[in-house]
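Chains, contacts and geometry: an overview
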Amino acid sequence: LLELMEKHDKAWYLYTFSSANVLRSYSIDQLIRLGVSWVWMGLEGEQSQYAKLRNIDTFSLVRQLQSHGIHVLGSTIIGLEDHTPENIDQVIDYAVRYDTEFHQFMLYTPIPGTPLHAELSAQGHMKDESEYRMGDINGQYIFNYRHPHIRDDLEAELIVRAFQRDFDVNGPSLARIVRTTLAGWQRYKDHPDPRIRRRF
């Protein structure tokens, strides 16, 4: 793709979803030349078992991307198995420390057809469909299963708390976008490649 973009003088803006692991397989120069300007990636908590985050300093990765004008939409799951009312504020604070341009907080939601749904169904933890409206299990309102620690519809409050904390600590996303855009412009406004200059 990069060879074709360079051959045909394309200065595109690419918005992509990626894991931290995949992002690290590219140099920052390649990402800039490809036109990557937004990356949406999962930034789960400190104790995350996800292979996509293993042995990666995701804080440094986010800072590096931002310093080159690449905006980050971070995504953090609320309601993993080990989350409790007692530790959820630590989970939220960890996510907020990323200071990404946007941060999405979503409830852990087993979807039919996934291994998680099959596992929780076999354990008898899935709620009966009569206990909720299908449109409410979009990851932002209620669990469609019985969480081992988070009960009494607390999850909706936790989602609001997470978004509010991100705003209180990091300010409006618009200001964060401007900060990263300016960093990229300052770094690349005089770049020798006219394609890169034009984009920034």
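Located above this text is the structure these notes cover.
These numbers come from a predicted model, not from an experiment. (Residues numbered from 1 in each chain as written. Predicted model: local features only at pLDDT ≥ 70, side-chain atom pairs only at ≥ 80, totals over all residues. Heavy atoms only, no water.)

1. Focus: the pairing of strand 2 (residues 36-42)
The condition that has to hold: Relative accessibility decides the category of a residue: with a 1.4 Å probe and only protein chains considered, values under 20% of the type maximum give buried, values over 50% give exposed, and everything between is partly exposed. Comment: elements are numbered from the N terminus, with helices defined as DSSP H or I runs of at least four residues and strands as E runs of at least two. By definition, two strands form a pair when at least two bridges between them are found by DSSP.
Burial of strand 2 is extensive: 6 of the 7 residues sit out of reach of the surface. Judged from the 4 bridges that link them, strand 1 (residues 14-17) and strand 2 form a sheet pairing that is parallel. Looking at the pairing, Phe-17 lines up with Trp-40 of strand 2. Bridge analysis of strand 2 against strand 3 (residues 71-78) gives 5 bridges, and the strand direction is parallel. Note that in strand 3 the partner of Trp-38 across the bridge is His-71.

2. Quick word on unusual backbone geometry
At Asp-9, a residue that is not glycine, the phi angle is positive and equals roughly 55 degrees. For Asp-9, the position within the fold is in the loop between helix 1 (2-7) and strand 1. Under the relative-accessibility criterion, Asp-9 is labelled partly exposed at 42%. Positive phi, normally seen in glycine, also occurs at Asp-152, with a value near 55 degrees. Topologically, Asp-152 is positioned in the loop between helix 6 (115-122) and helix 7 (154-170). With relative accessibility at 76%, the residue Asp-152 sits in the exposed group.

3. Here's the deal with the nonpolar core
Put simply, the rule reads: Here, nonpolar core refers to any group of buried Ala, Val, Leu, Ile, Met, Phe, Trp, Tyr and Cys residues whose side-chain atoms link them within 4.5 Å. Only heavy atoms matter for contacts: two residues are in contact if any of them lie within 4.5 Å across the pair.
Core analysis: the biggest nonpolar cluster contains 23 residues, and Leu-23, Leu-31, Met-41, Leu-65 and Ile-70 have the highest contact counts within it. Elements represented by at least two residues in this core include exactly helix 1, helix 2 (20-23), helix 3 (28-34), strand 2 and helix 4 (58-67). Setting aside residues no more than four positions away along its own chain, Ile-70 makes contact with Ile-28, Leu-31, Ile-32, Val-36, Ser-37, Trp-38, Val-39, Leu-65 and Thr-180. Counting 21 residues, the second-largest nonpolar core is a separate cluster that includes Ile-78, Ile-88, Ile-92 and Val-96.

4. Some thoughts on the pattern of salt bridges
The line we're drawing: By salt bridge we mean one thing: a side-chain nitrogen of Lys or Arg within 4 Å of a carboxyl oxygen of Asp or Glu.
In this structure the tally under the stated criterion is 15 salt bridges. Measuring nitrogen to oxygen at the nearest pair gives 2.8 Å for the salt bridge that ties Arg-179 to Asp-99. With a gap of 80 residues between them, Arg-179 in helix 8 (residues 173-188) and Asp-99 in the loop between helix 5 (88-96) and strand 4 (102-107) connect regions that are remote in the sequence. Residue classification places Arg-179 among the partly exposed positions, given a relative accessible area of 36%. With relative accessibility at 18%, the residue Asp-99 sits in the buried group. Three or more residues are tied together by salt bridges with common partners; here these are Glu-6, Asp-29, Arg-33, Asp-193 and Arg-195.

What is shown is where atoms sit, not what they do.
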